[in-house]
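# Structural description and commentary
Take a look at the letters that make up each chain.
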Amino acid sequence: MKIDPHVHCRDGKQSYKETIVHAFSVADAQGVQKIFDMPNTDPPITTEEHIIERLKLVPEDRMDDYYIWIGASSDANQIKEAAVCVEKYRNVIGLKLYAGTSVGDLSVVELEDQRKVYQALADVGYKGTVAVHCDKESLMKPELWDPKNPISHCQARPLEAEVISTKEQIELVRETGYSGRIHICHITSDETVMLVDGARRNIPITCGVTPHHIIWDESMMERPDGLLYKMNPPLRDQKTVSALRKCLLDGKIDWIETDYAPHQVGEKMFPPYMSGYPSLCLYKDFVENFLPSLGASEELIEKMTYGNIWKAFENKLQ
Ligand SMILES: [Zn+2]
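Looking only at helices and strands, one finds 13 helices and 8 strands in the protein chain. Against the globule reference of 20 Å for 318 residues, the protein chain gives a C-alpha radius of gyration of 18 Å, in line with a compact fold. Expressed as lengths along the three principal axes of its C-alpha atoms, the size of the protein chain is roughly 50 × 45 × 40 Å. When the accessible area of the protein chain is evaluated, it comes to approximately 12800 Å², of which 50% is carbon and sulfur surface. Here the protein chain contributes 36 positive and 49 negative side-chain charges, whose respective centroids are spaced 2 Å apart.

Summed over the entire model, instances satisfying the criterion amount to 14 aromatic pairs. Summarising the aromatic geometry, the rings of Phe-24 and Tyr-66 are spaced 6.5 Å apart at their centres and angled 55 degrees between planes, so their arrangement reads as tilted. Placement of the pair is Phe-24 in helix H1 (residues 20-29) and Tyr-66 in strand S3 (residues 66-71), with a sequence separation of 42 residues. Both residues of the pair, Phe-24 and Tyr-66, count as buried. Seen from their ring centres, Phe-36 and Phe-313 are 5.3 Å apart, and the 85 degrees between their planes marks the pair as edge-to-face. Here Phe-36, found in strand S2 (residues 34-37), pairs with Phe-313, found in the loop between helix H12 (298-312) and helix H13 (314-317); they are 277 residues apart in sequence, far enough to count as distant. Using a relative accessible area of 0% as the deciding quantity, one classes Phe-36 as buried.

The next thing to look at is the coordination of the zinc ion. Donor atoms from the polypeptide that bind the zinc ion are His-6 (NE2), His-8 (NE2) and Asp-259 (OD), placed at 2.1 Å. Taken in sequence order, the residues that donate to the zinc ion follow the motif H-x1-H-x250-D. Assigned by exposure class, His-6 and His-8 land together as buried.

Strand order in the open sheet formed by 8 strands is S1-S2-S3-S4-S5-S6-S7-S8, with parallel pairing between adjacent strands. Lying at the two open borders of the sheet, with one neighbouring strand each, are strand S1 (3-7) and strand S8 (255-256). Pairing geometry for S3 and strand S4 (residues 92-98), over 4 bridges, is parallel. Paired with Ile-70 across the bridge in S4 is Leu-95. Packing of helix H3 (residues 76-88) onto the sheet brings it into contact with S3 and S4, and relative to S4 it is tilted by some 150 degrees. Helix H4 (residues 111-123) rests against S4, strand S5 (129-133) and strand S6 (181-184) of the sheet, and its axis sits at about 150 degrees to S4.

On to the environment of Leu-228. Tracing the chain through its elements places Leu-228 in the loop between helix H8 (211-215) and helix H9 (238-249). Among the residues examined, Leu-228 registers a relative accessible area of 22% and is labelled partly exposed. Leu-228 sits 110 residues away from Tyr-118 along the chain, and the two C-alpha atoms are 35 Å apart. Every residue in contact with Leu-228, bar those within four places of it in the chain, is listed here: Val-265, Lys-268, Met-269, Gly-276 and Tyr-277.

Glancing now at the packing of helix H7 (residues 190-199) against H9. Packed helix pairs are specified by the crossing angle of their axes together with the interaxial distance, meaning the distance between the axes. In contact at an axis separation of 8 Å, H7 and H9 are set at 35 degrees when each is read in the N-to-C sense. Two secondary-structure elements touch here, H7 through Asp-190, Val-193 and Met-194 and H9 through Ala-243, Leu-244 and Cys-247. Residues belonging to the contact of H7 with H9 are distributed by class as follows: 5 nonpolar, no polar and 1 charged.

So, how was this worked out
Residues numbered from 1 in each chain as written. Predicted model: local features only at pLDDT ≥ 70, side-chain atom pairs only at ≥ 80, totals over all residues. Heavy atoms only, no water. Helix = DSSP H or I, 4+ residues; strand = E, 2+ residues; numbered from the N terminus. Rg over C-alpha atoms; globule rule 2.2 N^0.38 Å. Areas by Shrake-Rupley, 256 points an atom, 1.4 Å probe, with all protein chains shown as cover. Lys, Arg positive; Asp, Glu negative; His and termini not counted. Charge placed at Lys NZ, Arg CZ, Asp CG, Glu CD. Phe/Tyr/Trp six-rings, centres within 6.5 Å; stacked < 30°, edge-to-face > 60°. Buried < 20%, exposed > 50% of the residue type's maximum accessible area, 1.4 Å probe, protein only. Donors = N, O, S within 2.8 Å, 3.2 Å for Na, K, Ca; no water. Pairing = 2+ DSSP bridges. Contact = heavy atoms within 4.5 Å. Axes fitted to C-alpha atoms, helices over the stretch in contact; angles between N-to-C directions. Nonpolar A, V, L, I, M, F, W, Y, C, P; charged D, E, K, R; others polar.

Structure follows, in structure tokens:
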């Protein structure tokens, strides 16, 4: 079995981009059985009511294969309601915290507001998982973005924003006494992996990597279709990608998450130049051919596509 813990099924107002039903057909074609959907939909998924409505869109025979992350805001009451949903609904896999703006309106960018998330969860004794998109807003340089020069996106969202944000999240966990797991989503550098690795002794922490951050580097954005490779976090330089590959081969990254993020091609090549890549479409080739070509063992691939994910979410996946 293979599990993809990070997909964007969209649906609702964004059905023209993707739907839960169609995402399952892509997963099936790529050999993935279970998917964890992200809550930055339109509108975002942050309440029990949203969860109930969302689950109605799931085909009945896939209810054991569909899981949803519920979004975190800076409102303590909303966070507590979200924590209750994780306990109450087997299909709610955990909370998702956007510690920087990405796609959609769901983000908690101020450090003090992020602290409220961990504090509220510590107060209710939450033992589940918070998955975090680490990207420090104040370190982003949106003024550098120039669609005529797509690679400028990589400079507008520098690696530093990911590294510093990851460091901050780990500190917030320690300071608030939050005792659930923190998962750092789609890490792109060895620096981020080292931070996670250094924290493992003290707190339950995991990290994931996407196929695109392992396969490609930022030079892809210099191609004529470079805008298609605009994503958050962005592709990094070649040196960073090599170091990240080494971390993967050393078993320092817990799992592969595709961050499957479909948009219409027109929305990517023209305004608003959406960020995101449909990387679930790369999955089969990535795990069957690309990873072995890097030297990844069968055992490591099994852990990163299933074993480590199962271990982390055993109570939900059984
Ligand atoms: Zn995502």
